[in-house]
Structure formats: C-alpha cells, structure tokens
Amino acid sequence: PVRSSPSDLVFTSGRRVTRSQQGATNATAKKYPLRQGRSSGSDTELNDLKACDTPPRTPTGNGPYSESDPEVSGPGDGPDERLAKELSLKEAAAHDLSHRPKRRRFHESYNFNMKCPTPGCNSLGHLTGRHERHFSISGCPLYHNLSSDECKVTSRDKQVEERALSHRQDENRHSTRNQAPSERQLRYKEKVTDLRRKRNYGLNKEQKEKHMDPRQSHGAGREPLLENITSDYDLELFRKAQARASTNLEKLRLAGHASSEGGNMIKSIVFGRYELDTWYHSPYPEEYARLGKLYMCEFCLKYMKSQTILRRHMAKCVWKHPPGDEIYRKTNISVFEVDGKKNKIYCQNLCLLAKLFLDHKTLYYDVEPFLFYVMTEADNTGCHLVGYFSKEKNSFLNYNVSCILTMPQYMRQGYGKMLIDFSYLLSKVEEKVGSPERPLSDLGLISYRSYWKEVLLRYLHHFQGKEISIKEISQETAVNPVDIVSTLQSLQMLKYWKGKHLVLKRQDLIDDWKAKETKRGNSKTIDPTALKWTPPKGS
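Given the structure is predicted, the values throughout are model-derived calculations rather than measurements.

Novice: Before we move on, can you summarise the environment of Tyr274 with the specific residues and values?
Specialist: With respect to the secondary-structure elements, Tyr274 resides in strand β4 (residues 274-277). A sequence separation of 135 residues divides Tyr274 from Gln409, and the C-alpha atoms of the two residues are 7.8 Å apart. In this structure, Tyr274 is in contact with Ile269 and Gln409, ignoring residues within four places of it in sequence.

Novice: Please set out the pairing of strand β15 (residues 500-503) residue by residue, giving values where relevant.
Specialist: Of the strand pairs in this sheet, strand β14 (residues 494-497) and β15 are connected by four bridges, and their pairing is antiparallel. When the bridges of β15 are listed, Lys495 appears paired with Leu502. Taking the residues between adjacent antiparallel strands as the criterion, β14 and β15 are bridged by two residues, where Lys498 takes a positive phi near 50°.

Novice: Provide a residue-level description of helix α15 (residues 507-520), including the pertinent values.
Specialist: When the terminal C-alpha atoms of α15 are compared, their 20 Å separation across 14 residues agrees well with the 20 Å that a helix rising 1.5 Å per residue should span. Buried residues of α15: Leu509, Ile510, Trp513 and Glu517, and no others. Along α15, the residues classed as buried sweep out an arc of 95° about the axis, all on the same side. Facing away from the buried side of α15 by more than 90 degrees, the exposed set consists of Thr518 and Lys519. Close packing links the buried residues of α15 with α12 (442-462). Note on α15: the residue one or two positions beyond its end, Gly521, has a positive phi of about 80°.

What counts, and where the lines are drawn
Residues numbered from 1 in each chain as written. Predicted model: local features only at pLDDT ≥ 70, side-chain atom pairs only at ≥ 80, totals over all residues. Heavy atoms only, no water. Helix = DSSP H or I, 4+ residues; strand = E, 2+ residues; numbered from the N terminus. Contact = heavy atoms within 4.5 Å. Pairing = 2+ DSSP bridges. Expected span 1.5 Å × (residues − 1). Buried < 20%, exposed > 50% of the residue type's maximum accessible area, 1.4 Å probe, protein only. Arc of directions from axis to C-beta.

Structural data, given as structure tokens:
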C-alpha cells in the first residue's frame with residue numbers, strides 16, 4: 001500500500017486528490033485546517049475544498065455514503081473506475097444545494113402591510129437602488145426628490161466605484177502603519193481640494209426660488225434641495241452616507257431593534273418653553289409613545305398627552321426644583337443630589353427623558369442603586385433642568401459617572417464640562433480617582449477628551465519641576481492614570497526615548513489653551529468653595 005503525505009498531492013480539475021485515493025480505497029483522508037485569506041478564495045474553491053475534506057452527501061442530500069456502497073465501488077471495478085465514480089459523486093454533492101435552507105432576499109422580508117409615511121409615496125423603490133420596496137422616510141426616493149429609476153442608475157455607478165475602491169484597498173492593506181502617503185493618495189487629495197475650491201459660494205435669486213418651491217409646496221414631506229450648498233464631492237459623500245444609513249436602519253427595523261418611523265416613536269417633546277426634536281427611541285408606555293409628541297413638566301418630569309393636560313398640571317404642580325438636597329449653588333447655577341431609592345418616580349422619568357438623547361443608555365427603571373446629580377439654572381419661575389449625571393452608590397471599579405446628559409437647548413454653552421468637572425470634584429472630596437463608565441456616547445467622548453486635555457494643559461502650565469509623575473497628576477486631578485496616558489498620547493506629548501518614557505511640554509498647545517481660557521472667562525466654571533457636601537456612608 002502507498003502511504004499519503006502532505007507533500008504527495010495531485011491537483012486535478014482544480015480539486016485536491018491524494019495519491020492514496022488513486023491506489024487504495026481504505027486509506028483515510030487527512031484533514032487540513034482551512035484559513036480564510038483576505039483577497040483569495042472564492043465560494044467555488046471553498047466548496048471544492050470542503051467536498052474533498054468532509055464526507056460527501058449523496059445526490060439527494062440524505063447523508064454520507066460508505067465505502068461498501070455498491071453505487072460507489074464494486075468488487076470488479078478497477079482503481080480508475082472507482083476514482084471516476086467518487087469524483088462524479090463529489091461534484092454532484094458540491095453543486096446540490098437542496099439540503100441547505102433557502103436564503104431570502106432582503107426585500108422579501110418586508111411586511112407589505114407597512115407603508116412609507118411620506119405623503120403620495122407608494123412604498124416602491126429604495127434610496128440605495130438595491131431593493132424593491134421601502135417603508136421608512138430614510139429609504140424613500142420621493143422624500144429625497146428622486147425617482148426609483150434614478151436610484152437604480154446611481155446604484156449601478158456606485159457599485160462600480162465600490163469595486164474599484166475595494167481593489168485599491170486590497171493593494172494597500174499590507175502597507176506599514178505609518179507609511180508616507182503614496183503618489184495616488186497625494187493626487188487624490190489634490191483633486192478633492194480642487195473640487196472643494198471650485199464650488200460656488202452663495203445662491204443667486206433663481207437658485208433661492210428653486211430651493212424654496214419644494215418647501216412651500218410639500219413642507220416637511222420633502223428633503224431640502226442640497227445642490228450648490230456645498231461642493232459636489234462633499235454632497236456625494238453625504239449621499240453615500242445616507243444610503244448606507246437607510247440600509248442599516250431598515251435592517252434593524254426588520255430585526256425588531258428599532259421602531260418604524262411613524263410608529264411608536266416619539267419625535268418631539270414640549271419641555272418648558274422649548275419644543276425639542278428627539279434623537280433616539282425611549283421605552284415610554286405604548287399609549288404615550290404612539291402619539292409622536294409628549295408634553296412634560298420641566299420640574300417634576302411627568303409626561304402627558306396634550307397641551308391642555310400640561311396646562312392644567314402646571315396650574316397645580318407645586319414643584320419648582322428637583323427633589324433631594326441642594327449641595328452646590330453659585331449665582332444661578334445649582335446642583336441637587338437625588339437618591340434613586342427615595343425619589344424613584346422622578347429618577348425613572350429622568351432616565352426615560354435622557355434615553356431620548358442617548359444611544360447607549362440601558363438603565364430605565366432600576367434606579368435604586370444610583371445617586372443622581374441634577375444641575376439647574378434658576379430664574380424667577382423656578383430651577384430649570386440643564387443636565388445631570390448619575391453615579392453608583394458603591395462602584396467596585398471606581399466609576400464616578402454612570403450616565404451623563406446635557407439637555408439639547410443647553411449644549412455648546414460649557415455646561416457639559418461643568419458637569420464633568422463637578423463629578424471629579426466629588427471624587428476629590430472622596431479622595432478617590434474616578435473615571436466615566438464605558439461605553440461613552442459620541443458627544444460624551446468628545447466632551448471628556450476635551451476636559452482631560454484642559455486639565456493636563458492647566459497642570460503642565462503651572463508645573464515648574466523637571467520630573468513629572470503620572471501618579472502625582474492622577475492624585476491631584478482625580479483623573480484615572482489610563483485616561484491621562486491616552487490623552488498624552490493623543491496630544492503627541494508622550495514619547496519613548498533611550499528606554500525611558502518622556503512627557504513633552506508642548507508650549508504651543510499650552511499657549512492655545514491659555515488664549516482660549518482668557519477669551520472664555522470664568523462664567524462657566526465650578527467653584528469648589530461653593531460645594532456643601534459630605535460623601536454618603538458606604539461610598
């Protein structure tokens with residue numbers, strides 16, 4: 001008998017056959033692990049390898065055959081005839097897909113009772129041009145001032161571009177991480193710069209009228225015309241992002257992870273003197289969620305169905321500030337400490353409100369293990385909610401923030417950094433080092449990175465020594481050492497030289513921070529002397 005070895009391989013018609021299969025039928029086929037390559041290996045080749053390494057099915061797909069099966073080999077057959085029969089059965093089994101579950105197309109999963117909420121739309125076509133139907137505004141061609149045929153033509157062009165881009169990415173995939181830009185990348189950068197430079201700034205009278213006509217005739221039922229607002233290149237990037245987002249959104253809705261537009265989705269809330277558009281789904285009771293708009297008391301956070309109910313409630317609501325203890329006050333800014341166990345309904349309503357503007361929030365009803373620190377701005381009508389952060393009463397990982405939110409009407413005014421600074425002030429009083437709980441939302445991550453940058457630059461500005469310690473910075477600022485190191489790396493201030501880690505004091509960054517600090521003033525800062533607080537027992 002001839003023994004097989006990994007090197008004794010014969011390739012026949014693109015298939016893998018050992019010499020032992022040619023000379024002896026009782027030899028056992030050796031299995032080799034398959035490793036999926038990045039740019040090689042089609043489905044056909046993978047099926048061929050599987051067909052040779054695993055017991056093949058019969059042409060009906062019922063199960064593996066045995067070597068004594070008379071249909072495979074008979075006692076009078078020669079080695080060549082047996083090999084030919086084996087190969088023919090394997091080929092039939094490789095192409096027989098009757099035993100596999102049938103894959104459904106994306107548009108075949110639609111519930112055809114669902115309709116697109118855009119007025120005048122018949123739910124046919126899709127913004128991506130790849131599906132036959134849609135049921136949301138994000139995928140509606142009519143809303144985007146297009147026809148389904150135009151979307152299909154655009155889709156074919158985009159597929160050609162995506163294939164070319166994928167080919168270029170495969171070529172550059174094995175390049176080093178910090179390699180200098182290639183000539184192709186430099187030419188592409190120059191081309192993009194030139195396209196952006198050529199765009200027309202401002203709209204003439206005819207273009208303004210053209211932009212106003214759809215809004216006057218259709219209102220919010222059509223997307224505003226975006227031509228001539230930015231460069232063609234940036235507009236094309238925006239269109240690609242729209243198409244990709246619409247596909248992902250509809251997949252989530254089909255899987256049941258998101259509500260359909262026009263369904264149980266709160267689109268706006270009336271909160272005090274503001275009407276706020278919501279960003280995300282929040283699990284309010286269905287009878288309230290299906291209304292589309294909620295009316296809330298800005299003091300007790302009770303939610304109602306109509307303006308009339310809200311007006312009656314405000315006439316008899318005695319609350320003018322959050323419940324709990326006021327632990328900080330300076331000018332018109334106050335912070336209240338609210339215990340989730342003592343004021344359960346208020347804290348639950350606060351979490352439901354926060355979920356309308358946070359993507360990663362999962363806490364709604366189990367609020368008893370948390371303390372809520374609510375920041376308000378006072379006037380002659382009461383203390384208006386600015387934002388809040390929650391904190392575990394006993395955190396084993398020393399998280400000083402579990403969830404943080406600034407209300408949309410107060411964003412980009414410095415209140416987010418005040419909340420973050422206040423959370424670290426509490427950590428300093430507790431003599432602990434704190435860090436926010438992960439994952440952070442996109443806006444939260446931006447705010448924290450900006451805060452850590454300011455803290456480090458302020459520390460380095462006042463530091464006069466020659467040797468600096470990460471541990472000393474952490475103890476003085478209450479910022480976790482991991483967050484300090486990641487911030488130094490992002491600022492390119494941490495280097496490794498001759499076996500030592502060096503912190504570079506970049507004077508240009510410090511000067512920029514100092515100029516911004518002087519321009520901003522001290523109106524939106526936390527004063528530690530205004531804090532009247534003792535750490536809770538057990539913390």
